[in-house]
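# Report on the structure
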Amino acid sequence: MLSGLDKDLIADSMVLEPDCHVDASLPVVVFLLKPDPKLTRVVVDLVKREDDSVKFMAFYCPRCTIVCKSVLEEAEVLKRVRVYELPYELIPLEKDLLTLDDERSVGDLMLGRSFNALTMVKCSIQRLQALFGRIPVKAAKGTWSCSILNALKKKELETEEAQGSEIDGLILLDRTTDLVTPLLTPMTYEGIIDEFYPIQAGVLRIKEKAINPEAKDPERTRTLPLFNKDDIMFEETRNLHFDVAKNIFPKKYEEVKTLCSSKDKFRTLEEMTDYIKRLRSIKLHKLQALFNTNFNLVVHLHGLASEQTVKQLLELEVNTISACELHDEVMSILEKEIPIIKDQRRILRILCLLSLTLGGLSKDKYNLLGKEVVARFGSEEIMRLINLNKAGLLKKKSQEFSFLNIFGGSSEWQWWKIKEKFNLIPVQANIETPKDIDYTYSNYAPLSIRLVQSFLESSWADPDINLVPGEKLVLASSEALRRSCLLYTSPSPRDGLLSRMPSSACKKKKKKK
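These remarks concern the structure in this document. (Residues numbered from 1 in each chain as written. Predicted model: local features only at pLDDT ≥ 70, side-chain atom pairs only at ≥ 80, totals over all residues. Heavy atoms only, no water.)

This part is about the overall build of the protein. Secondary structure assignment for the protein yields 20 helices and 13 strands. Counting only residues that meet the buried cut, the protein has 46% of its 513 residues in that class. Residue pairs at least 24 apart in sequence account for 71% of intrachain contacts in the protein once pairs closer than 6 positions are excluded. Accessible surface, the protein: about 27600 Å² in total, of which carbon and sulfur atoms supply 54%. (Helix = DSSP H or I, 4+ residues; strand = E, 2+ residues; numbered from the N terminus. Buried < 20%, exposed > 50% of the residue type's maximum accessible area, 1.4 Å probe, protein only. Contact = heavy atoms within 4.5 Å. Areas by Shrake-Rupley, 256 points an atom, 1.4 Å probe, with all protein chains shown as cover.)

Take a look at the structure:
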């Protein structure tokens, strides 16, 4: 919610919540909100509390639904609130990353609360095709993705096909095709940052003490734009394994130090010219500050990742997805550690991993572990457990995946067969000079990446693709399938940071002679 717009100035801003209040002296109040009836009712309450001197504008992103409009009409506040739509689709967050920036969409879909995200994705793809030409190869895995592709197909039949496209192909994957990867801990430098301090829209919010141990106000929150073009330190290390990245910074520091000290050593004009070129290229005046920030952040993160509890939970993750014979040991450790561990997110993630890899927990274990979570973290966890159960992430053995059954998909998640057929856990990951995506996690290759690779290799003609829940759909001619796919969409940044555009998806396939 933005209050008091005066030309280009914003007098105040706040999160739209039921208990928030507006300064009555401000002439204009602007609401930026999702098409959510609950949020619309909050707007109604705020409007009714203020007198007629305050003007209100509501911008619904990306559109105002019929339900939201009816809420405003029934409350009789439409005369005081000007309603607008702010249609946004794919946002270019980085040079290789487009995002809808809608963190609630997957939860809304899996819990059946809203299906607006499907419309947004469809409209975004239509906009892409309007700008860059009709995409010749389209593939979808999962019921939601197939519904989007069918809608696009129907729309395209009504229009003439444009010649040529700058995008060779598009692959759509439901979140439900890969439920395991988002529950695991990413091991890249950027992934570790996001694990401890969630990155939102490319921005990191962190305490001053984490990046500046000598700060006068260590508890002050700093806002850092991570994707800064001048931060070559972060750019070079973000996709490296954390253990590799943390060892690079001392070497980089020595390089900068050597460069600075070499200014008095050159003897010829050529040496001086070369020095000036190198100095300009690295923007030394900014590099020192950025280096200090990254170096202190790495030291801070290393301390957090080295804590015994974190290491123990990471080991439980690895054991859960690696071998079924270790599951009893994992559950025994969880029963002992739940009353001690403070981070309920990690506990719930491991419980969901156990449920997904085992096809559900036994009734006794389900009830016991659920009670332990509520006793440790409070009664508010009851609703969270119910939602996880409804989404099919945490269930009893006798239950089925309700969200898959609603849409007519397969209710079975055959983890052990999928793990073997798609080589999700190779023999040993090489974190120094990686040749596969498995280095981004603890010797685990994200299933979503394997699905993309599978399409590039066989166009999903291999019957193993049917092990993954959800229907599949491929729209392309045989000639178009010989070309590579350059656009890949995934609902979660936790798939491995290179999954935005995997290197395997960027390579052109060689034609067989």
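Back to the text.
Turning our attention to unusual backbone geometry. Trans is the common state for peptide bonds, and a negative phi is the common state for residues other than glycine. One non-glycine residue, Glu-76, lies in the positive phi region at around 60°. Structurally, Glu-76 is set in the loop between α2 (66–74) and β5 (81–85). With phi around 50°, Asn-423 is a residue other than glycine that occupies positive phi space. Within the secondary structure, Asn-423 is located in the loop between α18 (415–421) and α19 (447–458). Of the residues examined, Asn-423 reaches a relative accessible area of 39% and is grouped as partly exposed.

The element strand β9 (residues 169–173) is largely enclosed, with a buried count of five among its five residues. A two-sided burial pattern is seen for β9, the buried positions comprising Gly-169, Ile-171 and Leu-173 on one face and Leu-170 and Leu-172 on the other.

What follows concerns the pairing of strand β8 (residues 137–141). The element β8 is extensively covered by neighbouring structure, given that five of its five residues are classed as buried. Here β8 shows two buried faces, one formed by Val-137, Ala-139 and Lys-141 and the other by Lys-138 and Ala-140. Pairing between β8 and β9: five bridges, direction parallel. Bridging across to β9, Val-137 finds its partner in Gly-169. Pairing analysis gives four bridges linking β8 to strand β12 (residues 472–475), with the strands arranged antiparallel. Within the sheet, the bridge partner assigned to Lys-141 lies in β12 and is Lys-472. (Pairing = 2+ DSSP bridges.)

Function cannot be inferred from these measures alone, as they are strictly geometric.
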